Structures are given as C-alpha cells and as structure tokens.
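# Coordinate inspection notes
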Amino acid sequence: MKKIKQWLQSLSFKTGVIVLLCCIPFYILSFAQMLLPLSAAAKGVLWTVLFGMAKTCQYGGITILGVEGYNRLKKRLWHAK
C-alpha cells in the first residue's frame with residue numbers, strides 16, 4: 001500500500017489534470033452509444049464499461065491531484081472566468 005501511495009505522489013499535477021479530463025469523452029460515449037442500433041443487452045454492457053471507465057478516470061485524476069492539486073485546479077478555474 002505504501003508503494004502505491006508513493007507512486008501516486010510522484011505523479012505531477014499535469015498528469016492528474018489529463019487523467020481527469022479523460023473522463024469527459026467516456027461520459028459522452030456512455031450515453032451517446034444509446035443511439036446505436038444494438039440490442040438492449042449490448043447497450044447495457046457498453047454503458048457499464050464506458051461509464052465505469054469514466055468513473056475510473058474521474059476518481060483516478062482526483063487521487064493523483066490530491067487535496068492541494070484539487071484546490072489549485074479549482075482556483076485556476078474560478079479565476080479564469
């Protein structure tokens with residue numbers, strides 16, 4: 001567990017932001033695939049996989065950023081407006 005914590009702490013702020021932004025296409029794809037002419041079972045499987053990937057990217061990015069990185073990102077987003 002300590003090795004995982006050390007590895008996550010070694011990742012940069014930029015890496016965390018990139019991983020966090022990767023969740024956006026997965027969210028879009030998870031709902032857009034409902035428009036495809038597939039069976040309900042196939043749509044359910046696709047939705048589960050794509051939505052799961054979106055959540056994985058979201059929580060992974062937040063984990064990499066940590067509290068300081070999250071506050072830094074929030075500060076940048078609010079001052080950009």
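Residues numbered from 1 in each chain as written. Predicted model: local features only at pLDDT ≥ 70, side-chain atom pairs only at ≥ 80, totals over all residues. Heavy atoms only, no water.

## Digging into the overall build of the protein chain
As a reminder, the rule being used: Here a helix means four or more residues in a row that DSSP labels H or I, a strand means two or more in a row labelled E, and each is numbered from the N terminus. Taken over C-alpha atoms, the radius of gyration is set against a globule rule of 2.2 Å times the number of residues to the power 0.38.
A tally of regular secondary structure across the protein chain gives four helices and zero strands. Tracing the protein chain from N to C terminus, the helices and strands come up as α-α-α-α. Taking 12 Å as the expected radius of gyration for a compact globule of 81 residues, we find that the protein chain reaches 16 Å, considerably beyond that expectation. The C-alpha extent of the protein chain, read off along each of the three principal axes, is 45 × 40 × 15 Å.

## A few points about the packing of aromatic side chains
For the record, the criterion: Stacked, edge-to-face and tilted labels apply to pairs of Phe, Tyr and Trp rings (six-membered ring for Trp) whose centres lie within 6.5 Å, assigned for plane angles under 30 degrees, over 60, and everything in between, in that order. Using a 1.4 Å probe on the protein chains alone, a residue whose accessible area is under 20% of its type maximum counts as buried, one over 50% counts as exposed, and one in between counts as partly exposed. Put simply, a charge is over a ring when the Lys NZ or the Arg CZ is close to the ring centre, within 6 Å, and near the line of the ring normal, within 35 degrees.
The full count for this structure, using the stated rule, is four aromatic pairs. Measuring from ring centre to ring centre gives 5.6 Å for Y27 and F51, while their planes differ by 70°; the resulting arrangement is edge-to-face. Remark: F51 occurs in helix α4 (residues 40-80) and Y27 occurs in helix α3 (residues 23-32); sequence separation between them is 24 residues. By relative accessible area, F51 is classed as partly exposed at 22%. Pairing W47 with F51 gives two aromatic rings, centres 4.7 Å apart and planes at 15°, and the pair type is stacked. Here F51 and W47 lie together in helix α4, a separation of four residues that amounts to about one turn. The exposure class of W47 is partly exposed, given its relative accessible area of 28%. Residue placement shows R72 over the ring face of F13; its charged tip is 4.0 Å from the ring centre.

## Thoughts on helix α2 (residues 13-21)
Here is the rule: By arc we mean the arc of the directions from the helix axis to the C-beta atoms, nothing more.
Every buried residue belonging to α2 is among F13, G16, V17 and L20, and all of these are buried. Along the long axis of α2, the arc covered by the buried residues comes to 100°, so they all point the same way.

## Focus on the environment of G16
Short version of the rule: By definition in these notes, contact holds between two residues if any of their heavy atoms fall within 4.5 Å.
Within the secondary structure, G16 is located in helix α2. Spatially, the C-alpha atoms of G16 and Q6 are 15 Å apart, while their sequence positions differ by ten residues. What G16 contacts, discounting residues up to four positions off in sequence, is G61, I64 and L65.

## Here's the deal with the confidence of the model for the protein chain
Threshold: As a per-residue measure, pLDDT tells how confident the predictor is, with possible values from 0 to 100.
Confidence in the prediction of the protein chain, expressed as mean pLDDT, is 87, and 98% of residues score 70 or more. Predicted confidence in the protein chain is weakest over helix α1 (residues 2-10), with a mean pLDDT of 79, and strongest over α3, with 94.

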